[in-house]
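Residue-level structural notes
The chain contents come next:
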Amino acid sequence: LVIVTRLATRDLHKPISILFCNLAVSDLFTSFSGFWISMLFITNPDVTIFGSQDMLAPYALYTTSILSTIYNQVSIGIERYLAVAKSMRTRFRVARHHSIVVVLINWVLAFFLGCLPLMGWNCLQAERSISVLYSPFCVNYLVFVTMPNVVVAFLVPLFTYLRIIIILRKRKLRMQACGQATGTYKSAETQVARTSISIWLLALVSYAPFFASVIFDATNQRCHTDLYPGAYIFRNCTAMLITITCLGNPVLYTLKFRALGAKLKTLRCLSATRVRAI
């Protein structure tokens, strides 16, 4: 719905809308790859527990989609900061081509890191460092990909949204000193604070359990059968939380339910008008 609405509505063709639409695409890929893994689990559960060649492609797509989602979230926070921040000399304006370049860089980086197991960094032959929860991925690959990206997903949005709140508060205090109305800045500050808290809570609920599972995987010395079924139930719960994030992102970052419904109603009315005209 978010992708169709933003592509069909001309007044939403803005630099930030490109990032929003790309975030929806990343969430869509995450859902599709998660569905692929679920089907493999239904048809052959042992494949998702003990690992095989068949799991490399869906896991690689799943990792790529999650990395793209994280990079898009970080890009949105930076874009919002640049849109609000105003330096002493000039104000940097994010153009559409800037957003397109950022989208391309995000996908190239996500595909490169996510497809490293397909390029050979896997443990199909080496049993020593194989991941117990995400076989046939290697533990060192999971640590290499997860640790820095989770830190980026938490720290960069925290910095950008806190800076936006500080900038809005300074402008509000400056206008109060001049005896001008500050209702707009106060409302914007409240909205940014609510959005940033929601983003943080959603990221905490979705990525923290996965982060914990990777740490457990790196420190675990037991085999698959010793961890069955409790550890794999926890692994499946982390995947469900990430899927829930894909549903929550459009609400937090793009359009509220009422606004989305209003846009879709407008598009439906325009389509009906064109049909009558034809």
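Reading guide: rules and limits
- Residues numbered from 1 in each chain as written.
- Predicted model: local features only at pLDDT ≥ 70, side-chain atom pairs only at ≥ 80, totals over all residues.
- Heavy atoms only, no water.
- UniProt positions renumbered as here; feature names shortened; annotations may be inferred.
- Helix = DSSP H or I, 4+ residues; strand = E, 2+ residues; numbered from the N terminus.
- Expected span 1.5 Å × (residues − 1).
- Buried < 20%, exposed > 50% of the residue type's maximum accessible area, 1.4 Å probe, protein only.
- Axes fitted to C-alpha atoms, helices over the stretch in contact; angles between N-to-C directions.
- Parallel < 35°, antiparallel > 145°, perpendicular 65-115°, else oblique.
- Left-handed = near helix turned anticlockwise from the far one by under 90°.
- Nonpolar A, V, L, I, M, F, W, Y, C, P; charged D, E, K, R; others polar.
- Contact = heavy atoms within 4.5 Å.

Looking at the UniProt feature "transmembrane region" (unreviewed entry) in the protein chain
Within the UniProt annotation, "transmembrane region" (unreviewed entry) is assigned to residues 16–39, 59–78, 99–121, 141–166, 197–216 and 232–255. The straight-line gap between the two end C-alpha atoms of residues 197–216 is 28 Å; of that span, 100% is helix and 0% is strand.

Notes on helix α4 (residues 56–84)
The terminal C-alpha atoms of α4 lie 42 Å apart, and with 29 residues this matches the ideal 42 Å at 1.5 Å per residue to within 8%. Taken across its 29 residues, α4 has 23 buried, putting it largely inside the fold.

Notes on the packing of helix α2 (residues 15–43) against α4
Where α2 meets α4, the axes come as close as 8 Å, and the angle between the chain directions of the two elements is 160°. Regarding the angle of α2 to α4, the classification is roughly antiparallel. As for the relative orientation of α2 and α4, their crossing is left-handed in sense. A per-class count over the contact of α2 with α4 returns 15 nonpolar, eleven polar and three charged.

Regarding the packing of α2 against helix α5 (residues 96–114)
Interhelical geometry of α2 versus α5 gives an angle of 25° and a closest axis separation of 8 Å. In terms of orientation, α2 lies roughly parallel with respect to α5. Of the two possible hands of crossing, α2 and α5 adopt the one that is right-handed. Here Pro15, Ile16, Ile18, Leu19, Asn22, Val25, Ser26 and Phe29 of α2 lie close against α5, whose contacting residues are Arg96, Ser99, Ile100, Val102, Val103 and Trp107.

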